[in-house]
Amino acid sequence: MLKLVKATDPILRTKTEPFNFDGSNDNLLELIPQMIEAMRTNGGIGLAAPQVGLPLRVFVMEIENKEFVCINPVILGKSIDTEVVEEGCLSFPGIKLAITRPKSVIVEYQDPTGKTISTELEGLESRCFQHESDHLNGITFEQKVSKLILNMAKRRQRKIRKEEK
Ligand code: CO
């Protein structure tokens, strides 16, 4: 079973390299079900490879029973309209942050067979795709808010943890 790396692991701050379909990384097909399992076990709707210590340009998402396996994802276009939505991240348990992002995105990625998929995503699918794409570029959601907001969120998390004890 794949394990989540700690929030302080430098891999979360490292940009991943594009994935090659030339056969040098055959074990990807074995890895994907393990990533999906790790996402489900930890109660997430998305999981990027660096979060489980793999420097690959791959993430998985599961939204309303629809499964996505996105390899070498790119965001080709973003809506001008933005919205603020509270996000969580498996790498930062208990922390919720309100993040502003474009509402919809036009994206391209490869599926596990190497086929290119082009599509427009909205709602939670768009939101999650953007959050996971950030992970592949070494960006975590706490970098998208001010220090003040982040500290408030951390204090809130500690308070909740205390109350749970
Ligand atoms: Co995340």
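Summary of the structure given here. Model, not experiment: these values are computed from the prediction. (Residues numbered from 1 in each chain as written. Predicted model: local features only at pLDDT ≥ 70, side-chain atom pairs only at ≥ 80, totals over all residues. Heavy atoms only, no water.)

### Some details on the packing of aromatic side chains
Under the definition given, this model contains 4 aromatic pairs. Ring geometry for Phe59 versus Phe129: centroids 5.0 Å apart, planes at 85°, classification edge-to-face. With Phe59 in strand S2 (residues 58-63) and Phe129 in helix H2 (residues 123-136), the pair connects residues that are 70 residues apart, well separated along the chain. Side by side, Phe59 and Phe129 carry an identical accessibility label, which is buried. Pairing Phe92 with Phe141 gives two aromatic rings, centres 5.7 Å apart and planes at 45°, and the pair type is tilted. Of this pair, Phe92 sits in the loop between strand S4 (82-87) and strand S5 (97-102) while Phe141 is found in the loop between H2 and helix H3 (147-164), placing the two residues 49 residues apart along the sequence. Of the residues examined, Phe92 reaches a relative accessible area of 7% and is grouped as buried. Phe141 sits in the buried class, given a relative accessible area of 2%. (Phe/Tyr/Trp six-rings, centres within 6.5 Å; stacked < 30°, edge-to-face > 60°. Helix = DSSP H or I, 4+ residues; strand = E, 2+ residues; numbered from the N terminus. Buried < 20%, exposed > 50% of the residue type's maximum accessible area, 1.4 Å probe, protein only.)

### Quick word on the coordination of the cobalt ion
Here the cobalt ion is held by Cys89 (SG), His131 (NE2) and His135 (NE2), and the distances to it run 2.1 to 2.2 Å. Between the donor residues of the cobalt ion, the gaps in sequence give the motif C-x41-H-x3-H. On the criterion of helical spacing, the pair formed by His131 and His135 is a turn pair, its members being 4 residues apart in helix H2. (Donors = N, O, S within 2.8 Å, 3.2 Å for Na, K, Ca; no water.)

### Things to note about H2
Here H2 spans 21 Å end to end across 14 residues, near enough to the 20 Å set by a 1.5 Å rise per residue. Of all 14 residues in H2, 12 are buried; the element is thus mostly enclosed. A positive backbone phi angle near 75° is found at Gly138, which sits one or two residues after H2. (Expected span 1.5 Å × (residues − 1).)

### What to know about unusual backbone geometry
Apart from glycine, the bulk of residues carry a negative phi angle, and the bulk of peptide bonds sit in the trans form. The phi dihedral of Asn65 falls on the positive side, at around 65°, and the residue is not glycine. Position of Asn65 relative to the elements: it lies in the loop between S2 and strand S3 (66-78). The exposure class of Asn65 is exposed, given its relative accessible area of 76%. One non-glycine residue with positive phi stands out, namely Asn72, at about 50°. In this fold, Asn72 is placed in strand S3. The buried category is assigned to Asn72, whose relative accessible area is 16%.

All we've got here are geometric facts, nothing functional implied.
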